[in-house]
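So you can see what is in the structure, the chains are spelled out below.
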Amino acid sequence: MATMESLIGLVNRIQRACTALGDYGGGDSEFSSLWDALPSVAVVGGQSSGKSSVLESIVGRDFLPRGSGIVTRRPLVLQLHKTEGRQEEYAEFGHLPRRRFTDFALVRKEIQDETDRITGKTKQISPIPIHLSIYSPKVVNLTLIDLPGLTKVAVEGQSETIVEDIETMVRTYVEKPNSIILAISPANQDIATSDAIKLAKEVDPSGERTFGVLTKLDLMDKGTNALDVLEGRAYRLQHPWVGIVNRSQADINKNTDMMYARRREQEYFATSPDYGHLASKMGSEYLAKLLSQHLESVIKAKIPGITSLINKGVDDMEAELDRLGRPIAVDAGAQLYTILELCRAFDKIFKEHLDGGRPGGDRIYGVFDNQLPAALRKLPFDRHLSLQNVRKIVSEADGYQPHLIAPEQGYRRLIEGSLNYFRGPAEASVDAVHFVLKELVRKSIGETEELRRFPTLQSALAAAAGEALEKFRDESKKTVVRLVDMESSYLTVDFFRKLPQEVEKVGPTPSPADRRASSADRKNPPSDRGIPAADRGSAVDPLGDRYAEAHFRRIGSNVSSYIGMVSDTLKSTIPKAVVYCQVKEAKQNLLNYFYTQIGKKEAKQLAELLDEDPSLMSKRLEIAKRLELYKGARDEIDSVSWVR
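Residues numbered from 1 in each chain as written. Predicted model: local features only at pLDDT ≥ 70, side-chain atom pairs only at ≥ 80, totals over all residues. Heavy atoms only, no water.

### Some thoughts on the packing of helix H14 (residues 387-398) against helix H21 (residues 549-589)
The following threshold applies: Helix axes use the C-alpha atoms of the stretch in contact, all axes being lines fitted to C-alpha atoms, and the angles between their N-to-C directions lie in the range 0 to 180 degrees. What counts as a helix is a DSSP run of H or I of at least four residues, what counts as a strand is a run of E of at least two, and both are numbered from the N terminus. When describing relative orientation, an angle under 35 degrees is termed roughly parallel and one over 145 degrees roughly antiparallel, while 65 to 115 degrees is termed roughly perpendicular and anything else oblique. Throughout, a residue-residue contact means that at least one pair of heavy atoms, one from each residue, lies within 4.5 Å. Note that Gly is not counted as nonpolar here; it falls among the polar residues with everything else outside the nonpolar set of Ala, Val, Leu, Ile, Met, Phe, Trp, Tyr, Cys and Pro and the charged set of Asp, Glu, Lys and Arg.
Taken N-terminus to C-terminus, the directions of H14 and H21 make an angle of 90 degrees; their axes are 9 Å apart at the nearest point. The angle between H14 and H21 falls in the class roughly perpendicular. Across the interface between the two elements, Leu 387, Val 390, Arg 391 and Val 394 of H14 pack against Glu 549, Phe 552, Arg 553, Ile 555 and Gly 556 of H21. Its residues assigned to classes, the contact of H14 with H21 comprises five nonpolar, one polar and three charged.

### Remarks on the pairing of strand E7 (residues 179-186)
What counts here: Throughout, exposure labels follow a simple rule: accessible area from a 1.4 Å probe, protein chains only, divided by the maximum for the residue type, with under 20% read as buried, over 50% as exposed, and the rest as partly exposed. We call two strands paired when DSSP finds no fewer than two bridges between them.
Most of E7 is tucked away: eight of the eight residues are buried. Taking every second residue as pointing to the same face, both faces of E7 are buried, with Ser 179, Ile 181, Ala 183 and Ser 185 on one and Ile 180, Leu 182, Ile 184 and Pro 186 on the other. Where strand E1 (residues 40-45) lies against E7, six bridges are found, and the strand directions are parallel. Of the residues in E7, the one forming a bridge with Val 41 is Ile 180. Relative to strand E8 (residues 210-215), E7 runs parallel, the two sharing six bridges. Each bridged residue has a counterpart across the sheet, and for Leu 182 the counterpart in E8 is Phe 211.

### Remarks on the packing of aromatic side chains
Where we set the bar: Pairing of aromatic rings covers Phe, Tyr and the six-membered ring of Trp, with a centre-to-centre limit of 6.5 Å; geometry is then stacked below 30 degrees between planes, edge-to-face above 60, and tilted otherwise. Counted as over-ring charges are cases with an Arg CZ or a Lys NZ within 6 Å of the ring centre that also lie within 35 degrees of the ring normal.
Considering all chains together, one arrives at eight aromatic pairs under this definition. Measuring from ring centre to ring centre gives 5.4 Å for Tyr 268 and Phe 269, while their planes differ by 80 degrees; the resulting arrangement is edge-to-face. In this structure Tyr 268 comes out as partly exposed when scored by relative accessible area, which is 26%. Here Phe 269 falls in the buried class, since its relative accessible area comes to 1%. Taking the centre distance of 6.1 Å and the plane angle of 25 degrees together, the rings of Phe 346 and Phe 350 count as stacked. Here the residue Phe 346 and the residue Phe 350 both occupy positions in helix H11 (residues 332-355), the gap between them amounting to four residues, near one helical turn. Owing to a relative accessible area of 0%, Phe 350 belongs among the buried residues under this scheme. Among the aromatic side chains, those forming a connected cluster through ring pairs are Tyr 268, Phe 269 and Tyr 275. The aromatic ring of Tyr 90 is capped on one face by Arg 100, whose charged end is 3.9 Å from the ring centroid. Geometry around Tyr 593 places Lys 471 over its ring, the cationic atom sitting 4.8 Å from the centre.

Below is the structure:
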């Protein structure tokens, strides 16, 4: 087993570290409370139960504030350290670690002042504990937590909820399964009305964690005694009851020496006809030794569980720090490296979206496979190539001289007018892909865990990526419009060369007489001569009326076929141009300009980019401190001298 001093001292050191960190139980943190896991002795009693006198008797010093009403308004963690030889007694506070108090009247004053520092000079209470360590050869190794006395009525100057507030605070200590309850009750009152026993019974119904202390035995009515309680008949606990005889108020007023009071207490029990047979198990000295031995045994039993809790806490906090990110170095080189690493992390996620490792890139294909074809189908070619419009454009193109064989200028004007319609869908495809890329940038920034702590850098990245995408869009628009213009600048000749050949396949070339007859037809409309209208401009007479309805329909049909061919071509080439100018560029060069600018920034500007969210910084600092505490506690446990 480990030595008693090392085990209790271990818990003392961890408790002090917990308080310095702000961990004093209550379960408010997202991580398990180490304070709650540490075994401790919680001193519970009603007001005027003699609680303060018991503690002073155990210590052998008069050091606690006294007065009427609620005197203890903050938990006092009292850590007793037994020293060897005739070393001078002294006290140290956790909030004044380098100052030793040898005058215990000043200890009392400091407790009062430190209480007022948190609660003000009011009668309110606070759950933040005060740590007091006392080093003396007259004490045993023991840790006690003095809690505010339970009360039933709020007095003037106190909150209306003070009764509930005190009970709630006390419960947070005594409900812990690792807590040892020291329930103090006055012997001159019925034990059934004891506030301490009532509360202990609620949280520890089996009595396994409760030690009962009966004070003021010397103040009981003459002819009565407390043997029914002390011998466990009135209220049975798993541990023996201990009787205490405190200093009287007159002794306190006269500053009676505590060692003298201890000897007088021993004499009282040794000479008492009622309690003489229990004298060896009565008194404050026996109580201190009993509690110290029990606390040591509980700590020894709980060490494996505490170690397990610490290891789990260390793992959880290191994982959380990894998620939040480690602190940033202050030198410019390290900051620049950090920024570039963060940019690479973002760029990796962005590329995963494009390449299919993450969702979103498929929306670009949706633009080419659905949106572009749908837009091409909706182009108003029916209106542009209507009979009326074809006749109008061809006639205007002919001018005063009608075309001789085929209206080439009319064809060109019709085709150029049709090709202009392709600009809209081409540019719309560019804009649609630009929107998808912008969304993927936004999404990638949000999914880059490492970036979440740097809102300024997020904004700078989004702005730089947005600028780059705008440039890619402009270049892409120029390219797709160029594709449309190229179709206008040079028409596919082979397509039109087939048209006369197809006409010739219909019949033989007309004779000169036929041509003259055809000329006569133009001067005298067929309808006037009884020739069916369906015969006008037929394939049999290719040189028939060039301004007849069927002739214009054929022109419109030929142009429509050519435009269909061009539409199929652009349906393939526009996506290629968009991918080349936008998607590929975004994959390869999205942050190139940003990298160039970052390299020129001064240390102060780099630091501004790495300016974290203050709440995040605060959270990381809190977790880092807690992690340091847990690792320190683990080292403390490992360093304890285990003796077989």
